[in-house]
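# Structural characterization, general
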Amino acid sequence: MKITTSFAPSASLATECLVVVVLDHGDKENPNPQVSPTDASLQAAAANLIAAKEVSGKANETTLLHAPAGVAAKRILFVGGGNASSFAGFELRRAAGSAARFLKSKGIRNFAFAAPTLDAGFAESAKASVEGIFVADFDPNVYQTDRKDQSLEDVAILAPAATESEVTRSVAEGVIIGESQNFTRDLVNEPSNRMTPTILAERARAMVHETPGLSIEIMGGDEIQAMKMGAFWSVSQGSAEPPALIVIRYSPEGADASVKLGLVGKAVTFDTGGISIKPADGMEKMKYDMAGGATMIGTMRAIARLKPKLSVMAVVCATENMPSGTAQKPGDVQIAMSGKSIEIINTDAEGRLVLADGLHYAKEQGCTHLVDAATLTGAVVVALGFVNGGVFSNDDTLANNFLAATQRAGEKFWRMPIDEEYRESIKSSIADIINSGGRWGGSVTAAMFLKEFVGDTPWAHLDIAGTAWMEETKPWIAAKSPTGLPLRSLVELVRGMAKQTAGLTTSRVSF
Ligand code: BES
Ligand code: MN
Ligand code: ZN
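Attention here is on the structure that accompanies the text. (Residues numbered from 1 in each chain as written. Chains lettered and ligands numbered in written order. Predicted model: local features only at pLDDT ≥ 70, side-chain atom pairs only at ≥ 80, totals over all residues. Heavy atoms only, no water.)

### A word on the overall build of the protein chain
- Summing up its helical and strand segments, the protein chain has 13 helices and 20 strands in all.
- Against the globule reference of 24 Å for 511 residues, the protein chain gives a C-alpha radius of gyration of 24 Å, in line with a compact fold.
- The buried share among the 511 residues of the protein chain stands at 59%.
- Expressed as a percentage of contacts within the protein chain between residues at least 6 apart in sequence, the contacts between residues at least 24 apart total 76%.
- If you sum the accessible surface of the protein chain, you get close to 20100 Å²; carbon and sulfur atoms cover 51% of it.
- Of note, the protein chain has its 48 positive side-chain charges centred 2 Å away from the centre of its 57 negative side-chain charges. (Helix = DSSP H or I, 4+ residues; strand = E, 2+ residues; numbered from the N terminus. Rg over C-alpha atoms; globule rule 2.2 N^0.38 Å. Buried < 20%, exposed > 50% of the residue type's maximum accessible area, 1.4 Å probe, protein only. Contact = heavy atoms within 4.5 Å. Areas by Shrake-Rupley, 256 points an atom, 1.4 Å probe, with all protein chains shown as cover. Lys, Arg positive; Asp, Glu negative; His and termini not counted. Charge placed at Lys NZ, Arg CZ, Asp CG, Glu CD.)

If you want it as structure tokens, here you go:
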């Protein structure tokens, strides 16, 4: 897909389809839908439809018209953005995506999008629109032999002439972020026979080689054992596929030397549960158990291109979780890289095992701040459904910085507790801790387990089990596809931290 910008008045632009957002400026009792561009001919094209209540501004509702008078475009598509008072980047991304998917379904692959201005400014509108259109352009059906390429060709973002320089920049940023998000989604979409730990590492290497500013180190089973990563190794020991520890570094010139962010990702390329095997029903979805790691790889791609001044390092722990004669068994005791002993209660609680060593390794590598992302627990889906990801943190500043970043990125997370009282649930009678705190508060006890390995380092854990995959049909995103969450929030977090450290040379800065 090629994204361009146009600063011409929307009604005079020759395009296959001009997309216009309709917002409701009224309330439930007195709806007042209005098209956002002020061109008289567009207002006129909408007037009858609005009067007849055929166009309401309802979120993501689409209405297609042909060759309207006074408009140079062949067609107009009205797309609803919901109520004007609550319309922000989150809603705009979905409206732009809904328009794009509607047009794709009609075989219209070229269009111009007229975004309304957000409170955050027009540059933000343009960036959000681009990101929403990239999300919409992804289709998961890559192995269908009769697949028709429906991807978008040319999309123009329309903007007021006065905003040209900032919009040109923010559109370019949106393209980097959108492409990186879809890069992550491609990795997650692959089935596990085509996305082994080795293949994931090779895909990361290929990305790094075409991205100036990044370096990569890939370690295999022997190195994982030599480094005494007993928790990570215990998950991979049952598989015929070798594990991979993928480390990607970004150390820009001029970054504050006292801050280094570690992004640690769970990349279980297939989670059978191991000896504590999962039920057959739905097990095929466990190919997306590497989404956390794939997100970290895509995030590195984006930040190397956006060039924020902050040192960042990704640590991706890639392995399968398989039952076999060499697999670990319930009751086994493993010694993590940190020296902590772990009694394995359930071999299906494997994500926390690989992350334990990933987090410790990142800390040893000098990371001053840690963020991990993982499809860690079914329990977070029980708690938050498919709407919000869970964020768990030992540091209010980092947690708040992350939540602020989610707002800018149009992604949703909800902070969850990690009070000391929950520590009880992971006590072991033979070792330091057990790897499964049981059913109650399962996402919290999983976070408590990870907390054992971060010490005092500011850390945020993102449980994305419910949000990394979209099962349902939605107007703005393909069904049964990876979402690429929380790549955009991580990118925004990095950019925010880079801004806060700019000019500071001491380690007094805290996140
Ligand atoms: N990968 C799963 C978590 C998961 C569940 C991801 C649903 C996506 C959708 C994880 O490894 C797992 O199996 N967790 C167990 C932990 C339990 C054994 C303590 C779970 O949530 O059931
Ligand atoms: Mn599991
Ligand atoms: Zn898992």
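Here the narrative resumes.
### What about the coordination of the manganese ion (ligand 2)?
- Within the protein, the manganese ion (ligand 2) binds to D271 (OD), D348 (O), D348 (OD) and E350 (OE); these donor distances fall in the range 2.0 to 2.2 Å.
- Coordination at the manganese ion (ligand 2) comes from 6 donor atoms whose angles at the metal span 69 to 166 degrees, giving a geometry best classed as irregular.
- Sequence positions of the residues that donate to the manganese ion (ligand 2) give the spacing D-x76-D-x1-E.
- Taken as a pair, the manganese ion (ligand 2) and the zinc ion (ligand 3) show a spacing of 3.1 Å, with D271 coordinating each metal. (Donors = N, O, S within 2.8 Å, 3.2 Å for Na, K, Ca; no water. Tetrahedral: all angles 85-135°; square planar, octahedral: opposite > 155°, others 65-115°.)

### Comments concerning the side chain of S6
- Its location among the elements puts S6 in strand β1 (residues 2–6).
- In this structure S6 comes out as buried when scored by relative accessible area, which is 12%.
- Of note is the side chain of S6, whose polar atom sits 3.4 Å from the backbone nitrogen of A8.
- Setting aside chain neighbours within four positions, we find S6 in contact with L13, I157, L158 and A159. (Polar contact = N/O pair within 3.5 Å; in protein donor to acceptor, adjacent residues only side chain to side chain.)

### Some thoughts on the pairing of strand β15 (residues 389–393)
- A large share of β15 lies buried, amounting to 5 of its 5 residues.
- Alternating residues of β15 divide into G389, V391 and S393 and G390 and F392, and every residue in both groups is buried.
- Bridge analysis of β15 against strand β16 (residues 413–415) gives 3 bridges, and the strand direction is parallel. In the strand pairing of β16, V391 is matched with R415.
- Considered for its hand, the β-α-β crossover made up of β15, helix α11 (residues 396–409) and β16 is right-handed. (Pairing = 2+ DSSP bridges. Right-handed = clockwise from strand over helix to strand, strands pointing away.)

### Comments concerning the packing of helix α4 (residues 164–189) against helix α13 (residues 487–501)
- Taken N-terminus to C-terminus, the directions of α4 and α13 make an angle of 135 degrees; their axes are 10 Å apart at the nearest point. Comparing their axes, α13 and α4 come out oblique. The element α4 and its partner α13 pack so that their crossing is right-handed. Here E173, I177, S180, Q181 and T184 of α4 come into contact with α13, specifically with L487, R488, V491, E492 and R495.
- Split into classes, the residues belonging to the contact of α4 with α13 amount to 3 nonpolar, 3 polar and 4 charged. (Axes fitted to C-alpha atoms, helices over the stretch in contact; angles between N-to-C directions. Parallel < 35°, antiparallel > 145°, perpendicular 65-115°, else oblique. Left-handed = near helix turned anticlockwise from the far one by under 90°. Nonpolar A, V, L, I, M, F, W, Y, C, P; charged D, E, K, R; others polar.)

### Side note on the pairing of strand β6 (residues 110–114)
- Of all the 5 residues making up β6, 5 are buried; the element is thus mostly covered by neighbouring parts of the structure.
- Going residue by residue along β6, you find N110, A112 and A114 tucked away on one face and F111 and F113 tucked away on the opposite face as well.
- Direction of pairing for strand β2 (residues 18–24) relative to β6: parallel, over a ladder of 3 bridges. Bridged to L18 within β6 is A112.
- Bridge count between β6 and strand β7 (residues 154–158): 5 bridges; the pairing is parallel. Residue pairing for β7: N110 is matched across the bridge by D154.
- In this fold, the crossover linking β6 to β7 by way of helix α3 (residues 122–137) has right-handed handedness.

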